[in-house]
Amino acid sequence: MMDPKKAGQPAIQAGASDLTQLLQLPEIPEAQDRDSLAAAIAPAIRRLLNGQMEQLLRLCYRLDLGEETLQRILSESPPEQMAMDLSLAIVDRQLIKVYFRNKYR
């Protein structure tokens, strides 16, 4: 299985592009790795967590983020860390999707 922590720059950029569209964000600054990409989307995830939960759930469903993963983060992460933990899970899932999209192209 692909390890998102070891994703290369092309995968990071493809993931950033996909997430920019999905989250309807202005251009994400060039992310160097999964952590910087997660940090770039964390403010948008925080806004969804704080007032647009239904939209956040739709996003997680669209990304095919596992329900168990989402529930674990929502129930176990400290409130101040929740947006970043969820952002990392979303980035990891997106990087795996990019990997498989490129592999089976």
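Everything that follows concerns the structure shown earlier in this document.
Residues numbered from 1 in each chain as written. Predicted model: local features only at pLDDT ≥ 70, side-chain atom pairs only at ≥ 80, totals over all residues. Heavy atoms only, no water.

Some thoughts on helix α2 (residues 34-49)
Its maximal kink placed at Ala-42, α2 deviates by approximately 40 degrees, while the proline Pro-43 follows within four residues. Taken together, the buried residues of α2 touch α1 (9-22), α3 (53-63), α4 (67-76) and α5 (79-103). Of the residues flanking the start of α2, the one acting as N-cap is Asp-33, its side-chain oxygen 3.3 Å from the backbone nitrogen of Asp-35. (Bend = angle between axes of the 7 residues up to and from the residue. Helix = DSSP H or I, 4+ residues; strand = E, 2+ residues; numbered from the N terminus. Contact = heavy atoms within 4.5 Å. Polar contact = N/O pair within 3.5 Å; in protein donor to acceptor, adjacent residues only side chain to side chain.)

Structural notes on the packing of aromatic side chains
If you walk through the whole model with that rule in mind, you get 2 aromatic pairs. Aromatic side chains Tyr-99 and Phe-100 sit 5.0 Å apart centroid to centroid with 80 degrees between the ring planes, which places their arrangement in the edge-to-face category. Overall, the relative accessible area of 30% leaves Phe-100 in the partly exposed class. Relative to Tyr-104, the ring of Phe-100 has its centre 6.1 Å away and its plane inclined at 5 degrees; by these criteria the two rings are stacked. Overall, Tyr-104 belongs to the exposed group, its relative accessible area being 60%. (Phe/Tyr/Trp six-rings, centres within 6.5 Å; stacked < 30°, edge-to-face > 60°. Buried < 20%, exposed > 50% of the residue type's maximum accessible area, 1.4 Å probe, protein only.)

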